[in-house]
Amino acid sequence: VLGTVNKNHVKSRSAAQAGDVICVTGPLGDSLAGLKIILDGEHVFDPEAARLLLDRHLLPEPHLKEGQWLSKMKGVHAMMDVSDGLASDLPHICERSKVGAEVFPSQIPMSAPFKTICQLKSWPAVEYAMAGGEDYVLMCTVAKKDVAKIQSAFKKKFKKDLFAIGRITRQKGIIGLHGQSFQHFDKEIKGEP
């Protein structure tokens, strides 16, 4: 895919700064739950929740408009999509920006259908939300002084929250991140034993 971008609106992985607030544009884990429902082939006791999660997996909606809007905000420093899962993608920002991070598991946004299915299936919700890939929400780091203003404007524009889930630290390493990163072509999917 080729294209052009206004250089004033580029938000690279290498621009996170210590003190930034880590935000995401939507709930995490829905696509992984949809994939697990397909792979498990099990009866689900809440078909409505299962259908919503299957749709999130099979018909993902990248947050393109949100990304274009966030790219124009001066308080937004680094940004990328969460296609491989938070457990995989946040380390990319930290490595490129030469910083660390602290994630607050209790603040990870999860949809109601996801929480329902995790409870019914005894799946570890927070771990799945952090590890799951292909949700195609965006993750960005926002200057602490600007985060409340940007969250308020984001909610007014998109009628949904910009969720604060952690902070960027000077000290390298990531605290509070659980789960293994998502693998797009996992052996289970390829049919290997």
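Scope of this entry: the structure provided in the associated data block. Residues take numbers from 1 onward in each chain, read along the sequence in its written order. It should be noted that, the model being predicted, local features are given only for residues of pLDDT at least 70 and side-chain atom pairs only at 80 or more, the latter also being counted only at that level, while totals for whole chains, interfaces and linings use all residues. Computation of side-chain values: all heavy atoms of the structure, hydrogens and water removed.

By the criteria applied, helices consist of DSSP H or I runs no shorter than four residues and strands consist of E runs no shorter than two, each listed in order from the N terminus. Helix and strand counts for the protein come out as eight helices and six strands. Between the two quantities, the radius of gyration covers C-alpha atoms and the globule rule is 2.2 Å times the number of residues to the power 0.38. For the protein, whose C-alpha radius of gyration is 17 Å, the value lies close to the compact-globule estimate of 16 Å for 193 residues. Along the three orthogonal principal directions, the C-alpha set of the protein runs to about 50 × 35 × 35 Å. Under the scheme applied here, a residue whose accessible area is under 20% of the maximum for its type counts as buried, over 50% as exposed, and between as partly exposed, the area being computed with a 1.4 Å probe on protein chains only. Taken over 193 residues, the protein has a buried fraction of 45%. Only the protein chains shown count as cover for residues, with accessible areas throughout obtained via the Shrake-Rupley method and a probe of 1.4 Å. As displayed, the protein offers around 10800 Å² of accessible surface, 53% of which is attributable to carbon and sulfur atoms.

At least two DSSP bridges between two strands are required for those strands to pair. Within the open sheet, the six strands sit side by side as β2-β4-β1-β5-β3-β6. Their pairing is mixed. Looking at which strands have only one partner, the edges of the open sheet turn out to be β2 (76-81) and β6 (173-175). When the angles between neighbouring strand axes are averaged without regard to direction, this sheet yields 25°. Taken together, the four bridges between strand β3 (residues 100-103) and strand β5 (residues 163-169) define a ladder with antiparallel strand orientation. Its bridge partner lying in β5, Ala101 is registered against Ile168. To get an axis, a line is fitted to the C-alpha atoms, and for a helix only the part in contact is used. The angle between two axes follows their N-to-C directions and goes from 0 to 180 degrees.

Turning our eyes to something else, we now look at the packing of helix α1 (residues 30-40) against helix α2 (residues 47-58). Closest axis-to-axis distance for the α1/α2 pair is 7 Å, and the angle between their directions is 105°. For the element pair α1 / α2, the angle class is roughly perpendicular. Listed contacts from α2 to Asp30, Ser31, Ala33, Gly34, Leu35, Ile37 and Ile38 of α1 are Ala50, Leu53, Leu54, Arg56, His57 and Leu58. Nonpolar residues are Ala, Val, Leu, Ile, Met, Phe, Trp, Tyr, Cys and Pro. Charged residues are Asp, Glu, Lys and Arg, and all others, Gly as well, are polar. Residues of the contact of α1 with α2, tallied by class, amount to eight nonpolar, three polar and two charged. Any angle between 65 and 115 degrees counts as roughly perpendicular, while under 35 counts as roughly parallel, over 145 as roughly antiparallel, and the rest as oblique. In this analysis, two residues are considered to be in contact whenever any of their non-hydrogen atoms come within 4.5 Å of each other.

Moving on, we get to the packing of aromatic side chains. Each Phe, Tyr or Trp ring (for Trp, its six-membered ring) is paired with any other whose centre lies within 6.5 Å, and the angle between the two planes then decides the class: stacked below 30 degrees, edge-to-face above 60, tilted in between. Scanning the entire structure with this criterion turns up four aromatic pairs. When the ring of Trp69 is compared with that of Phe154, the centres are 5.8 Å apart and the planes differ by 65°; the resulting orientation is edge-to-face. Of this pair, Trp69 sits in helix α3 (residues 64-71) while Phe154 is found in helix α7 (residues 147-158), placing the two residues 85 residues apart along the sequence. Ring centres of Phe154 and Phe158 lie 4.9 Å apart, and the angle between their planes is 45°; on these two criteria the pair is classed as tilted. Residue Phe154 and its partner Phe158 are both found in helix α7; the two are separated by four residues, about one turn of the helix. Take Phe154 and Phe158: they sit in the same class, and that class is buried. An aromatic cluster is present here, built from Trp69, Phe154 and Phe158 joined pairwise through their rings.

So, about the pairing of β5. In the sheet, strand β1 (residues 21-24) pairs with β5 via four bridges, with the strands oriented antiparallel. Paired with Val24 across the two strands is Phe163, which belongs to β5.

Moving on to unusual backbone geometry. Backbone geometry places Lys98, a non-glycine residue, at a positive phi of 60°. On the basis of relative accessibility, which here comes to 60%, the residue Lys98 falls in the exposed class. Phi is positive for Glu134, close to 65°, though the residue is something other than glycine. Its place among the elements puts Glu134 in the loop between α6 (125-131) and β4 (138-142).

To continue, consider the nonpolar core. Nonpolar cores are built from buried Ala, Val, Leu, Ile, Met, Phe, Trp, Tyr and Cys residues. Side-chain atoms within 4.5 Å join them into one set. Ranked by internal contacts, the top residues of the largest apolar core, which has 33 residues, are Leu86, Leu90, Ile108 and Met139. Filtering out sequence-adjacent residues up to four positions away, Met139 remains in contact with Ile22, Cys23, Val24, Ala78, Met79, Met80, Val82, Leu86, Asp89, Leu90 and Ile93. Of all hydrophobic cores here, the second largest spans 14 residues; its members include Cys140, Val142, Phe158 and Leu162.

What follows is about the environment of Asp81. In this structure, Asp81 sits in strand β2. Once the C-alpha coordinates of Asp81 and Thr169 are considered, the two residues, 88 residues apart in sequence, prove to be 20 Å apart. Ignoring sequence-local partners within four residues, the contact set of Asp81 consists of Asp89, Tyr136, Val137 and Leu138.

The values are spatial; any link to function lies outside them.
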